[in-house]
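Each chain is listed here by its residues.
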Amino acid sequence: MFKARPSIRLVGDVDDTAAQQSTTLEVSGLCLSRGSKQVISDLGLNIRHTGLAVIMGPNGAGKSLFLRLIHGLIQPDAGTIRWNGQPMSDRIRLRQAMVFQKPVLLRRSARANIEFVLGAPRLRARHAAIEFLDRVGLADKAAQPAHSLSGGEKQRLSLARALATAPEVLLLDEPTANLDPASTLTVEKVVQNASATGTRVVWVTHDRFQAERIAEQVVFMDRGKVVEHAPAAHTFFERPASARAASYLAGKILC
Amino acid sequence: MTPFSEALGLAFKLVFTGDEALYSAVALSLRVSITATAVACFLGFLIGGLLAVKRFTGRSIVIAALNSLMGLPPVVVGLVVYLYLSRSGPLGFLGLLYTPTAMIIAQTLLILPIVAAMSRQVLEDLHLEYDEQFRSLSLTSRETVQAILWEGRFALVTVALAGLGRAIAEVGAVMIVGGNIDNLTRVMTTAIALETSRGDLPLAMALGIVLLTLALVLNAAVQGLRETTYRASHV
């Protein structure tokens, strides 16, 4: 029914080269206004990306907007976004998947939600869907309507659907913001596994403890700008270079 | 005996004695209105889906026009279809005037704006809900329309019912293009109009009661089906 995704691969179709390649994201002069307020201003960032990058910062820093911009869901007022040297396009977006803070699920069964994104024959898609559900611990709820799942289960289903598109880049917009600790850890584990097998992950969070658990590199944003980019996460948490980041990590309110 | 109880008694008598004229009118009413609703839903859901998803110049004018056409007077629709299908009209060579097909065409034109406008509203709300997710998945407009039509299937059943209700209760258009010919184009509503003009009020009321009951049973059946399937995917 839907157009073939160039990067789609089902469970068992292993692509070893993907795990060895890195993805670069180059952003320069990015600006975005909402009404009279400039929410992203002259943002520049250069990430050579091989693992799990966390974008963190206080509420209103522009993290979620930045994620939508680099995924091409919002067009910037000015600036450029290049993935592996290529400007953002539908073709590049097909190789990415995004999980939103509030899961957006179809009014179908959990399994059908995953089958929806699998460009495979019905029987193969069905088997693959069950395997993806199994990865997030929802195989026993395959036939259950997606809307009857709990908040944590919905988000795990949303994550399984994103992974089912076999994305090269997985973008996560505070996926655990409304989840309990157990569900949060499950989501973190699934994403870390995906990262370990070659999926580049960009995870937006304002939870510093979560960032410490999962981040391989950190981008700290504040007031619509990148304040600090630490290619090694531990240096950011131990010795933040900017006063703003130090205040944020110390739990002080930024205003 | 009051006129109402007399009419009620007559209605039961007509139903249970298997009155041929009654059953012929009921069958034709259902055939014409259900066919017109099916055609209008096919076209209307498509128009509604496209208007919900696509952004183009003049879109708001099209939506305003569609909303205005919801109140289209049946006699005007009947007259327009009559002019097109009459012997001297552009489609006169088809020989469709005073046939059930002409009645289906008239009812389809009458309820198409209702189905299209209502489904556009339903589907636009759904599109807002799914827009970012579908764009993230890089779905084309066609894939998006297909997806939201399926996601909105339960609400669209209600839209179809509204269209069917309007079609089955309509008299002006089918009277003009059908001609109310006994055993050929006489439906419930035109039969009621005829009996009223003849002065046979109990029979007209009896037919009215049968029509009302029919509409009620049809709506209850579809509503029951809708709720069962809705629960199966939303609970």
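Residues numbered from 1 in each chain as written. Chains lettered and ligands numbered in written order. Predicted model: local features only at pLDDT ≥ 70, side-chain atom pairs only at ≥ 80, totals over all residues. Heavy atoms only, no water.

(A) View of the overall build of chain B. The secondary structure content of chain B amounts to ten helices and zero strands. N-terminal to C-terminal, the α/β element order of chain B is α-α-α-α-α-α-α-α-α-α. Here the C-alpha coordinates of chain B stretch approximately 65 × 50 × 25 Å along the principal axes. Looking at chain B residue by residue over its 235 residues, the buried ones come to 44%. Sequence separation of at least 24 residues holds for 74% of the intrachain contacts in chain B that already meet a minimum separation of 6. Working note: accessible area of chain B is about 11,600 Å², and carbon and sulfur atoms make up 70% of it. Across chain B, the mean location of the 15 positive side-chain charges is 6 Å away from that of the 15 negative side-chain charges. (Helix = DSSP H or I, 4+ residues; strand = E, 2+ residues; numbered from the N terminus. Buried < 20%, exposed > 50% of the residue type's maximum accessible area, 1.4 Å probe, protein only. Contact = heavy atoms within 4.5 Å. Areas by Shrake-Rupley, 256 points an atom, 1.4 Å probe, with all protein chains shown as cover. Lys, Arg positive; Asp, Glu negative; His and termini not counted. Charge placed at Lys NZ, Arg CZ, Asp CG, Glu CD.)

(B) Main features of the confidence of the model for chain B. Taken residue by residue, chain B gives an average pLDDT of 91. The fraction at 70 or more is 97%. Overall fold confidence for the complex sits at a pTM of 0.84, while the interface term, ipTM, reaches 0.85. (pLDDT = per-residue confidence, 0-100.)

(C) Quick look at the pattern of salt bridges. In total, this model carries 18 salt bridges over all chains according to the counting rule given. We note a salt bridge from R111(A) to E115(A), for which the minimum N-O separation is 3.2 Å. Here R111(A) and its partner E115(A) are both found in helix 4 (residues 110–115), four residues apart, which amounts to about one turn of the helix. In this structure, the salt-bridge partner of R186(B) is D182(B), at a minimum N-O distance of 3.5 Å. The class of D182(B) is partly exposed, set by a relative accessible area of 46%. Where salt bridges share partners, they join R68(A), D173(A) and E132(B) into one cluster. (Salt bridge = Lys/Arg side-chain N within 4 Å of Asp/Glu carboxyl O.)

(D) A look at the interface of chain A and chain B. Each partner contributes to the interface: chain A provides 26 residues, whereas chain B provides 22 residues. Note on chain A versus chain B: buried area summed over both sides is about 2,200 Å², and carbon and sulfur give 50% of it. Run the count over chain A and chain B and you get three salt bridges. Here E151(B) makes a salt bridge to R108(A), at a shortest N to O gap of 2.6 Å. Taken together, the links from chain A to chain B amount to twelve residue pairs in polar contact (both at pLDDT 80 or more). Mapped onto the side of chain A that touches chain B, the elements with two or more residues apiece are helix 3 (90–93) and strand 6 (96–99) of chain A. Class assignment for the residues of the side of chain A that touches chain B results in twelve nonpolar, six polar and eight charged. (Buried area = accessible area lost by both parts, 1.4 Å probe. Polar contact = N/O pair within 3.5 Å; in protein donor to acceptor, adjacent residues only side chain to side chain. Nonpolar A, V, L, I, M, F, W, Y, C, P; charged D, E, K, R; others polar.)

(E) Layout of the environment of A182(A). Residue position: A182(A) is located in helix 7 (residues 181–196). When the C-alpha atoms of A182(A) and R239(A) are compared, they prove to be 30 Å apart, with 57 residues separating the residues in sequence.

(F) View of the packing of helix 2 (residues 20–53) of chain B against helix 3 (residues 59–69) of chain B. Residues and elements named next belong to chain B. At a minimum axis distance of 11 Å, the contact between helix 2 and helix 3 shows a crossing angle of 145°. Crossing of helix 2 over helix 3 shows left-handed handedness. The residues of helix 3 that touch helix 2, namely those facing I47, L51 and A52, are R59, V62, I63 and L66. Grouping the amino acids of the contact of helix 2 with helix 3 by side-chain chemistry returns six nonpolar, no polar and one charged. (Axes fitted to C-alpha atoms, helices over the stretch in contact; angles between N-to-C directions. Left-handed = near helix turned anticlockwise from the far one by under 90°.)

(G) The packing of helix 2 of chain B against helix 6 (residues 141–151) of chain B, seen in detail. Residues and elements named next belong to chain B. For the pair helix 2 and helix 6, the least separation of the axes is 9 Å and the interaxial angle reads 120°. The orientation of helix 2 with respect to helix 6, classified from their angle, is oblique. Both helix 2 and helix 6 take part in a crossing whose hand is right-handed. Where helix 2 abuts helix 6, its residues F45, G49, L50, A52 and V53 lie against S141, T144, V145, I148 and L149. (Parallel < 35°, antiparallel > 145°, perpendicular 65-115°, else oblique.)

(H) Spotlight on the sheet that holds strand 9 (residues 217–222) of chain A. Residues and elements named next belong to chain A. Strand order in the open sheet formed by six strands is 6-7-8-3-9-10, with mixed pairing between adjacent strands. Unpaired on one side and paired on the other, strand 6 and strand 10 (225–230) mark the two borders of the sheet. On average, each strand axis in the sheet is tilted by 15° relative to the strand beside it, whichever way the strands run. In terms of strand pairing, strand 6 meets strand 7 (residues 169–173) through four bridges, oriented parallel. What sits directly across from Q96, in strand 7, is V169. Against the sheet, helix 2 (residues 63–70) contacts strand 3 (52–56), strand 6, strand 7, strand 8 (200–205) and strand 9, and its axis sits at roughly 150° relative to strand 7. (Pairing = 2+ DSSP bridges.)

(I) Broad picture of the nonpolar core. Residues M56(A), I114(A), L157(A), L159(A), L170(A), W203(A) and F236(A) are the most contacted members of the largest nonpolar core, which totals 71 residues. If you tally residues by element for this core, the top one is helix 5 (residues 100–136) of chain B, at seven residues. The residues touching L159(A), leaving out its near neighbours within four places in the chain, are V99(A), L170(A), L172(A), V187(A), V190(A) and V191(A). L30(A), A61(A), L67(A) and F100(A) belong to the second largest nonpolar core, which has 28 residues in total. (Core = buried A, V, L, I, M, F, W, Y, C linked by side-chain atoms within 4.5 Å.)

(J) Broad picture of the side chain of Q210(A). Residue and element names in this part refer to chain A. With respect to the element layout, Q210 can be found in helix 8 (residues 208–214). Overall, Q210 belongs to the buried group, its relative accessible area being 1%. The contacts of Q210, once residues within four sequence positions are left out, are T176, T184, E188, W203 and T205.

(K) Quick look at a nonpolar patch on the surface. All names here are of chain B. Together, V75, V76, L79, V80, L83, Y84, L91, F93 and L94 make up an exposed nonpolar region whose accessible area comes to about 850 Å². Relative to the assigned elements, V76 resides in helix 4 (residues 74–85). Residue V76 is classed as partly exposed on the basis of its relative accessible area of 40%. (Patch = residues over 30% accessible without salt bridge, like charges linked within 9 Å, V, L, I, M, F, W, Y side chains within 5 Å.)

(L) Highlighting helix 1 (residues 3–16) of chain B. All names here are of chain B. Between its first and last C-alpha, helix 1 extends 20 Å over 14 residues, near the 20 Å set by a 1.5 Å rise per residue. Those residues of helix 1 lying buried are A7, A11 and L14. All buried residues of helix 1 project into a common sector of 70° when viewed along the axis, lining one side. Of the exposed residues in helix 1, the ones pointing more than 90 degrees away from its buried face are K13 and F16. Once helix 1 ends, the next one or two residues include G18, with phi positive near 65°. (Expected span 1.5 Å × (residues − 1). Arc of directions from axis to C-beta.)

(M) Structural context of the confidence of the model for chain A. Taken residue by residue, chain A gives an average pLDDT of 87. The fraction at 70 or more is 91%. Below pLDDT 50 for its whole length, residues 1–20 of chain A participates in 40 contacts with residues either more than four positions away or in separate chains.

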